[in-house]
Amino acid sequence: MNISQQPAVVRPRARGTERSVARRAELIGIGRKLFADTSYDALSMDDIARQAHVAKGLIYYYFQSKRGYYLAIIQDSVAELVTTAAGGTELPQVDRVHRTIDGYLRYAEHHQAAYRTIVSGGVGFDAEVHAIRDGVREAIVNTIAEGAYGRSEIAPLARMGLLSWVCSVEGAALDWIDHPELSRDTMRELLVKTLGGALRAVEELDPSYPAPPPARREG
């Protein structure tokens, strides 16, 4: 086939790709629900196909294996969390931090099963899922660093200060979605204030990383 003939076959492929993307996304959505309360080992491919009301071969077609399916579900959830939390790049730095924390909490509140899977590293110990979780932490640290310091490349001490805060946020958010006694607005303000404490601690230990003015105590 020469180059002049190629446009005639591009459109059908594009339509097929759109259908494939939609079908794959649908299967991932079904998988989120299936793995929400059931361990990876407890679900066979036959179980998944039966509960999803699809042929088992369709899952193999899109994901090659049960593990591929599971990892695709985790990665999709992670992408959504990071996108939700890291939005608002056009905002001033301080507003961006507030936006990041609010987006993070909103995701945890409305996608509880997916959030639990992300921050717990999956069911049992799974090195690949843990690596995905660590990638989420790094993305959130970078987003907060951009908002607090105007750059994501920061010294090890400053990074550890922000990472410690992110890990504490994970635990707090897990408890919050299980015991939603505080509003999201209250949780956001609490986490903003604890972030201020972390930023001040970093500044005390490394004055080259001054806390943004809103994080400073008055008086």
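Residues numbered from 1 in each chain as written. Predicted model: local features only at pLDDT ≥ 70, side-chain atom pairs only at ≥ 80, totals over all residues. Heavy atoms only, no water.

### Digging into the overall build of the protein chain
Phase 1: Within the protein chain, the secondary structure is distributed over nine helices and zero strands.
Phase 2: Evaluated residue by residue, the protein chain yields a buried proportion of 41% over its 219 residues.
Phase 3: Summarising the internal contacts of the protein chain: among those between residues at least 6 apart in sequence, 62% fall at separations of at least 24.
Phase 4: Of the roughly 12,100 Å² that the protein chain leaves accessible, carbon and sulfur atoms contribute 54%. (Helix = DSSP H or I, 4+ residues; strand = E, 2+ residues; numbered from the N terminus. Buried < 20%, exposed > 50% of the residue type's maximum accessible area, 1.4 Å probe, protein only. Contact = heavy atoms within 4.5 Å. Areas by Shrake-Rupley, 256 points an atom, 1.4 Å probe, with all protein chains shown as cover.)

### Re the packing of helix α6 (residues 112-120) against helix α8 (residues 156-178)
Two quantities define a packed helix pair, namely the angle between the axes and the distance from one axis to the other.
Phase 1: Two elements in contact, α6 and α8, have axes whose closest approach is 11 Å; the angle formed by their N-to-C orientations is 150°. In terms of orientation, α6 lies roughly antiparallel with respect to α8. α8 is crossed by α6, and the crossing has left-handed handedness. Between α6 and α8, the contacting residues are Q112, Y115, R116 and V119 on the first element and V169, E170, A173, L174, I177 and D178 on the second.
Phase 2: Considering only residue class, the contact of α6 with α8 consists of six nonpolar, one polar and three charged. (Axes fitted to C-alpha atoms, helices over the stretch in contact; angles between N-to-C directions. Parallel < 35°, antiparallel > 145°, perpendicular 65-115°, else oblique. Left-handed = near helix turned anticlockwise from the far one by under 90°. Nonpolar A, V, L, I, M, F, W, Y, C, P; charged D, E, K, R; others polar.)

### Description of helix α7 (residues 127-149)
Phase 1: With 23 residues, α7 extends 32 Å between its outermost C-alpha atoms, agreeing within 8% with the 33 Å of an ideal straight helix rising 1.5 Å per residue.
Phase 2: G150 lies just past α7 and shows a positive phi near 80°. (Expected span 1.5 Å × (residues − 1).)

### Some remarks on the environment of E80
Phase 1: Note on placement: E80 falls in helix α4 (residues 66-85).
Phase 2: You can call E80 partly exposed: its relative accessible area is 28%.
Phase 3: Setting aside anything within four residues of it in sequence, one finds E80 in contact with R32, Y107 and H111.

### Some thoughts on helix α3 (residues 56-63)
Side chains of residues three or four places apart in an α-helix project in the same direction, reflecting 3.6 residues per turn.
Phase 1: Burial in α3 covers these residues: I59, Y62 and F63. The arc that holds the buried residues of α3, viewed along the axis, is 80°, so those residues lie on one side.
Phase 2: Residue Q64 follows α3 closely and has a positive phi angle near 70°. (Arc of directions from axis to C-beta.)

### Quick look at the confidence of the model for the protein chain
Phase 1: Looking at the protein chain as a whole, its pLDDT mean stands at 82, while 84% of the residues score no less than 70.
Phase 2: Throughout residues 1-15 the model reports pLDDT below 50, and contacts reaching past four residues in sequence, or to other chains, amount to two contacts. (pLDDT = per-residue confidence, 0-100.)

### Regarding the nonpolar core
One recurring pattern in soluble globular proteins is that nonpolar side chains are buried together.
Phase 1: Grouped together as the largest cluster of nonpolar side chains are 61 residues, with contacts concentrated most on Y104, Y115, Y149, L162 and W165.
Phase 2: Contacts of Y104, omitting those with residues within four sequence positions, involve L81, A85, Y115, V119, I140, V169, E170 and A173. (Core = buried A, V, L, I, M, F, W, Y, C linked by side-chain atoms within 4.5 Å.)

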